[in-house]
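Descriptive structure summary
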Amino acid sequence: IYEAALNIEGYQSSGSANVYKNNMTIGGSSGGSSSSGNSGSGSSGSTSSSTNRKECESMTLGGSYAGRINSPFSGAALYANGDNCKFTQYFAYGTHSFSLRGCSNNDKMAKVDLYIGGTKKGTFYYGGSYPAVYTINNVSHGTGNQEIKLVCSEDNGTWDAYVDYFTWQ
């Protein structure tokens, strides 16, 4: 499987949908209880044992205004261009998919750039205040110890980026 999509459509209507959690298991059981539908909040719910995870509030914060937050989740706020959170990770091989759970503080588009080893590898986009997970697939990068840095970009004083956790697999 290369991609899974969740589509929500309305018939002669307008509005919105909030999807709080969506688990998909391939090739076996999830190892937990079998519940369906929406689940509670935030940072619970791992995807698999081969997924590595780093909480953003435990990363080193940099920039003029970056700080830790407790709402809408425990994480980090990147308030201005250049605000960032970073950590060092050892990679035995040089291709991974990276995901970031985050949101904007309003309905403006929040942009967070992913840098690995000092090289920009892509951008995560968050278009609303409800947390979502977005992924950049098949990223080539260096092996050994690499600095992972998440940097607020194109802030223009109109939004803040809130980041919860970062995963790679």
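Predicted model only: the values in this text are computed from it and were never measured.

Some details on the overall build of the chain
When helices and strands are tallied, the chain shows 0 helices and 11 strands. Taken from N to C terminus, the helices and strands of the chain fall in the order β-β-β-β-β-β-β-β-β-β-β. Across the 169 residues of the chain, 35% fall into the buried class. Considering only intrachain contacts with a sequence separation of at least 6, the fraction spanning at least 24 residues in the chain is 70%. Accessible area of the chain: about 10100 Å², with a carbon and sulfur share of 42%.

Some remarks on the side chain of H141
Along the chain, the position of H141 falls in the loop between β9 (132–140) and β10 (144–153). A polar contact of 2.7 Å, which involves the side chain of H141, links it to the side chain of H96. Excluding anything up to four places from it in sequence, H141 contacts F91, Y93, G94, T95, H96, F98, I116 and K121.

Brief notes about the sheet that holds strand β2 (residues 60–62)
Strands sit in the order β2-β5-β10-β7-β8 across an open sheet of 5 strands; the sheet is antiparallel. Only two strands of the sheet have a single neighbouring strand rather than two, namely β2 and β8 (119–126). Within this sheet the neighbouring strands show an average axis-to-axis angle of 25°, counted without direction. As paired elements, strand β5 (residues 84–91) and β10 share 8 bridges and run antiparallel to each other. If you follow F91 over to β10, its bridge partner there is G144.

Digging into the nonpolar core
Counting residues in each nonpolar core, the largest one holds 25 residues, and the members touching the most others are F98, L100, L114, F124, L150 and F166. If you look at the next biggest cluster of nonpolar residues, it comprises 5 residues, including I69, F73, A77 and Y162.

Calculation notes
- Residues numbered from 1 in each chain as written.
- Predicted model: local features only at pLDDT ≥ 70, side-chain atom pairs only at ≥ 80, totals over all residues.
- Heavy atoms only, no water.
- Helix = DSSP H or I, 4+ residues; strand = E, 2+ residues; numbered from the N terminus.
- Buried < 20%, exposed > 50% of the residue type's maximum accessible area, 1.4 Å probe, protein only.
- Contact = heavy atoms within 4.5 Å.
- Areas by Shrake-Rupley, 256 points an atom, 1.4 Å probe, with all protein chains shown as cover.
- Polar contact = N/O pair within 3.5 Å; in protein donor to acceptor, adjacent residues only side chain to side chain.
- Pairing = 2+ DSSP bridges.
- Axes fitted to C-alpha atoms, helices over the stretch in contact; angles between N-to-C directions.
- Core = buried A, V, L, I, M, F, W, Y, C linked by side-chain atoms within 4.5 Å.

Remember, this is a structural readout, not a statement about activity or role.
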